[in-house]
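Take a look at the letters that make up each chain.
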Amino acid sequence: MNSPLIDPTAVADRIHDLEERLANLSGGRTRLLPVTKAFGPEAVEAVLAAGHSAVGENYAQEILAKDDALAGWDVAWHVIGSVQRNKVRRLAGRVAVWQTVDRPALVSEIARRAPGDRIMVQVDPLGFPGKGGCPPGAVEDLVGQALDAGLRVDGLMTVGAQGDTAATGRAFRVVADLADALGLVERSMGMTEDLEQAVASGSTLVRVGRALFGDRPPRGGR
Ligand SMILES: *Cc1c(COP(=O)(O)O)cnc(C)c1O
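A short tour of the structure in this document, coming up. (Residues numbered from 1 in each chain as written. Predicted model: local features only at pLDDT ≥ 70, side-chain atom pairs only at ≥ 80, totals over all residues. Heavy atoms only, no water.)

**Considerations on the overall build of the protein**
- Scanning the protein from terminus to terminus reveals nine helices and eight strands.
- For the protein, the C-alpha radius of gyration of 17 Å lies close to 17 Å, the compact-globule estimate for 222 residues.
- Taking the principal axes of the C-alpha coordinates as reference, the protein spans close to 45 × 40 × 30 Å.
- Here the contacts in the protein between residues at least 6 apart in sequence split such that 55% fall between residues at least 24 apart.
- Carbon and sulfur atoms make up 47% of the accessible area of the protein, which amounts to about 10200 Å² in all.
- If you average the places of the 25 positive and of the 28 negative side-chain charges in the protein, the two averages end up 6 Å apart. (Helix = DSSP H or I, 4+ residues; strand = E, 2+ residues; numbered from the N terminus. Rg over C-alpha atoms; globule rule 2.2 N^0.38 Å. Contact = heavy atoms within 4.5 Å. Areas by Shrake-Rupley, 256 points an atom, 1.4 Å probe, with all protein chains shown as cover. Lys, Arg positive; Asp, Glu negative; His and termini not counted. Charge placed at Lys NZ, Arg CZ, Asp CG, Glu CD.)

**Structural notes on the packing of aromatic side chains**
- In the structure shown here, the tally under the stated rule is one aromatic pair.
- Where phenylalanine 39 meets phenylalanine 213, the ring centres are 5.6 Å apart and the plane angle is 40°; that geometry is what we call tilted. Here the residue phenylalanine 39 occupies a position in the loop between β1 (31-34) and α2 (41-49), and phenylalanine 213 occupies one in helix α9 (residues 210-213), the gap between them amounting to 174 residues. Phenylalanine 213 carries the same exposure label as phenylalanine 39, and that label is buried.
- In this structure, lysine 131 is placed above the aromatic ring of phenylalanine 128, and the distance from its NZ or CZ to the ring centre is 5.6 Å. (Phe/Tyr/Trp six-rings, centres within 6.5 Å; stacked < 30°, edge-to-face > 60°. Buried < 20%, exposed > 50% of the residue type's maximum accessible area, 1.4 Å probe, protein only. Lys NZ or Arg CZ within 6 Å of the ring centre and 35° of its normal.)

Below you can see the structure in the form of structure tokens.
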């Protein structure tokens, strides 16, 4: 796993600066989830050294490889990329929060392989093809199914519309309103590009990669 050099001191500084900014913007409501996808285990080590244990990752393979490389460290992995059903079994027991649950078959599989785990339901209020997430109208049933299956539902997650501030604002509002209506605490909304907007919309968890680690190397290359 080749990746650009990570400077742990610089990463720690950026984490602490961003946390201070989030605290000021949100009054303490919004927490930071560092996202280490495309970077090696040393990025995760830098996050741990800065006092964080929760880390976001998109790809099952990267979670497995980094979790193996960091055996002995206690990393609370958040799955933030779409999960194929056949990856759940291998990931089970290693994941702290499955943030991208968006269909009944995935709820059943997680409940079967990782009973009692924490999840979020990923919502796609804008109807983007290929980004994952269920329509707002499907959220209540999925939450109910997950609870009936013994999973813990922390809240809702969504991804904004890159480069479209107005659409992103609409999406964040829909998700925050849904979380309110369903009595769910967590709203995982916002990344480097739209984190201020997410905080203003009531995000409780921003998922941030580039602002902490710099630009990612291209996938599959290098
Ligand atoms: C990559 C990714 C992030 C982090 O994005 P940055 O632009 O690096 O902050 C957050 N959420 C999801 C779902 C992602 O795929």
